[in-house]
Amino acid sequence: MNAKKIFYMANFFKNSVGLRTPLVFFLIAAFTMNAEAQLNSSQQYDNENDFVVETVGDNFVARITGYNGEKAEIRIPKQIRRMTIVAIGERAFYKKGFTGVTIPNSVILIGNGAFSENNITKITIGTNVMIHENSFDMGFAGFYSRNGCRAGTYIFSDNSWIIQTVTEPPPNNETVSVETPKTAKGFDLEPYAGFSVGIGLLDYGPSSLIPRLGLHLGLLTSIGSFSIGITGEGGGFLGMAYPVFEDIGITYGFYFGSFMEIYYSGFIGFGLGGGMTRGYFTTKNDMGEKYFFPFAELDILFGDQEDSISIFFRYYINDSDNFYNKFSVGIKKKGF
């Protein structure tokens, strides 16, 4: 409905019914808001059912905690189920394969890791949004902050962020800066932990088929497409032993060690480290022995720091001829 029709309708109610001026202005505002709502509804926001939300304080505002859609470029709605979206929670869009995102002006807070582990090269965002330094990859939070937290569209090109469009001028007429992700990202360490389950095909001296269960704890930092972690790992094992061909038994014990792990773009990585093994084996004829010696290990990892499968190669450092399986190969599964 255009302004002329609204004006005529307001005058009709005023002259024929005797309404007072405040009510006339109310009618004008109502029709104007309705026209604006129709304009906003035509924008290409994504289906609100793809987003997982939780209320914040009351039933009028909410934060996004997850995403079930399959789009590579998403446009987050300003309202979901009649609640205004004011925040995006930690890891809400972690590792979803996004290349672009549009964030509504209603959002004032974005949590740690909310959009991390994606290949986002285009971000449309509002003014003065409080962003955790690890909300996005490639140093976007630092670039956004150093450029006045201005509303606009930001593009990652040639290994640096630039501002494609802005809706307000730079503060104090300053020139827009360009930064690389290495200077913006820094070396922020964050802890990570998980369990590992593995099996050694030839392992722990005179033994084979050794299942193992372990716990790993470490610190992780990200530099561009790489994630680098330092982790400690320890656990126990139980398997079959055969010190001589005519006699078999069991072997058991524990191990511990430390490793450096490097992951690239969340799908492949390498680990290098070593530790100590304390083991025992015994047989049906009471033949037995115990051992305690160091090992070196190389891992080839498929996955990321949260969930990976690796092939490990382990070498046991000792001088005893009884431990003829000094070189071990196995598979290890890591995850939360």
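Residues numbered from 1 in each chain as written. Predicted model: local features only at pLDDT ≥ 70, side-chain atom pairs only at ≥ 80, totals over all residues. Heavy atoms only, no water.

A. Region of interest: unusual backbone geometry. The backbone of Cys149 shows a phi angle near 50°, a positive value even though the residue is not glycine. Within the element layout of this structure, Cys149 appears in the loop between helix 3 (140-146) and strand 10 (152-157). Judged by relative accessible area, which is 17%, Cys149 ranks as buried. Of note in the backbone geometry, Asp158 takes a positive phi value of approximately 55° without being a glycine. Checked against the element boundaries, Asp158 lands in the loop between strand 10 and strand 11 (160-166). By relative accessible area, Asp158 is classed as exposed at 75%. (Helix = DSSP H or I, 4+ residues; strand = E, 2+ residues; numbered from the N terminus. Buried < 20%, exposed > 50% of the residue type's maximum accessible area, 1.4 Å probe, protein only.)

B. Structural context of the environment of Leu109. In this fold, Leu109 is placed in strand 7 (residues 109-110). Leu109 sits in the partly exposed class, given a relative accessible area of 40%. For the pair Leu109 and Gly89, spaced 20 residues apart in sequence, the C-alpha separation works out to 8.3 Å. Residues in contact with Leu109, not counting those within four places in the same chain, are Val86, Ala87, Ile88, Val129 and Met130. (Contact = heavy atoms within 4.5 Å.)

Without other data, these values stay purely geometric and don't point to any function.
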